[in-house]
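A look at the structure
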Amino acid sequence: GLISTWNPASPPSAFTVEMQQLVDAGYQVYALDSRGQGANEPLDEYHYADMAEDVYQFITALGLEQPAYYGWSDGGIIGLTLELAHPGTLSLMAISGTNLYPDGADPELMEYFAAENEANPDPLVTLMLTEPDIDPADLANIEIPVLVTGSMTAKEKRLAYARIASHEADIIIG
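Heads up: these notes are all about the structure in this document. (Residues numbered from 1 in each chain as written. Predicted model: local features only at pLDDT ≥ 70, side-chain atom pairs only at ≥ 80, totals over all residues. Heavy atoms only, no water.)

Here strand β4 (residues 92-96) lies mainly inside the structure; five of its five residues are buried. Residues Leu 92, Ala 94 and Ser 96 point to one face of β4 and Met 93 and Ile 95 to the other, with burial holding for every one of them. Across five bridges, strand β3 (residues 68-72) lies against β4 in parallel orientation. Following the sheet pairing, Gly 71 is matched in β4 by Ile 95. (Buried < 20%, exposed > 50% of the residue type's maximum accessible area, 1.4 Å probe, protein only. Helix = DSSP H or I, 4+ residues; strand = E, 2+ residues; numbered from the N terminus. Pairing = 2+ DSSP bridges.)

Dropping the structure here:
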């Protein structure tokens, strides 16, 4: 199966073409909304560890055996957090536009969101301003193949696994 947690900055159809191509190729595709996004009720606070646990519980409840995972932005953070908390849950992962800590995001964008959040507090914006806090050295503990594209610094990319495995697997888009 293919699981997707999408970035709130993207339209719900951001990966529609890609997901349909995977379905047409015979894969089962799952598109998940993270906490506070899509049809989920808003909460007072959010944490990537909770979102990663949600994905882990979803995988467990459906009995998926080491699905593949794709995560863009928050979805990438969720995927890394999931595999660090539950090693071996996934078979492989690809992440795009994923930062390891708030300072890893665009500084001008972060300043803008900080000012907006001060005037009109939003728990999802607070999450973005305060998390994640992934130690790049911890990425060495991820033993599955990981393809890293976009937005990480060169150092972060070198520390992340950048391998693509070519085998049949369930796929998760995050």
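The next point concerns the pattern of salt bridges. Taken as a whole and judged by the stated rule, the model has one salt bridge. A salt bridge links Asp 54 to Arg 35, with the shortest nitrogen-to-oxygen separation between them at 2.5 Å. With Asp 54 in helix α2 (residues 48-62) and Arg 35 in the loop between β2 (29-32) and α2, this residue pair connects regions lying 19 residues apart in the sequence. (Salt bridge = Lys/Arg side-chain N within 4 Å of Asp/Glu carboxyl O.)

Moving on: the side chain of Glu 83. Mapped onto the elements of the fold, Glu 83 is located in helix α3 (residues 74-85). Accessibility expressed as a relative area gives 3% for Glu 83, which makes it buried. One polar contact links the side chain of Glu 83 to the main-chain amide nitrogen of Leu 90, over a distance of 3.1 Å. Sequence-distant contacts of Glu 83, that is, excluding residues within four places in its chain, are made with Gly 88, Thr 89, Leu 90, Met 93, Ile 142 and Ile 144. (Polar contact = N/O pair within 3.5 Å; in protein donor to acceptor, adjacent residues only side chain to side chain. Contact = heavy atoms within 4.5 Å.)

Right, let's talk about the packing of α2 against α3 for a bit. Packing of α2 against α3 leaves a shortest axis separation of 8 Å and a crossing angle of 70°. Considering the angle they form, α2 stands roughly perpendicular to α3. Residues Tyr 48, Ala 49, Met 51, Ala 52, Val 55, Tyr 56 and Ile 59 of α2 pack against Asp 74, Ile 77, Ile 78, Thr 81 and Leu 82 of α3. Tallied by class, residues from the contact of α2 with α3 come to 10 nonpolar, one polar and one charged. (Axes fitted to C-alpha atoms, helices over the stretch in contact; angles between N-to-C directions. Parallel < 35°, antiparallel > 145°, perpendicular 65-115°, else oblique. Nonpolar A, V, L, I, M, F, W, Y, C, P; charged D, E, K, R; others polar.)

Glancing now at the nonpolar core. Ranked by internal contacts, the top residues of the largest apolar core, which has 25 residues, are Val 55, Ile 78, Leu 80, Leu 90, Met 93 and Val 146. Going through the elements one at a time, β2, α2, α3, β4 and β5 (146-149) are the ones with two or more residues in this core. The dominant element in this core, judged by the number of residues it contributes, is α2, at five residues. With five residues, the next largest nonpolar core counts Phe 15, Met 19, Val 29 and Ala 94 among its residues. (Core = buried A, V, L, I, M, F, W, Y, C linked by side-chain atoms within 4.5 Å.)

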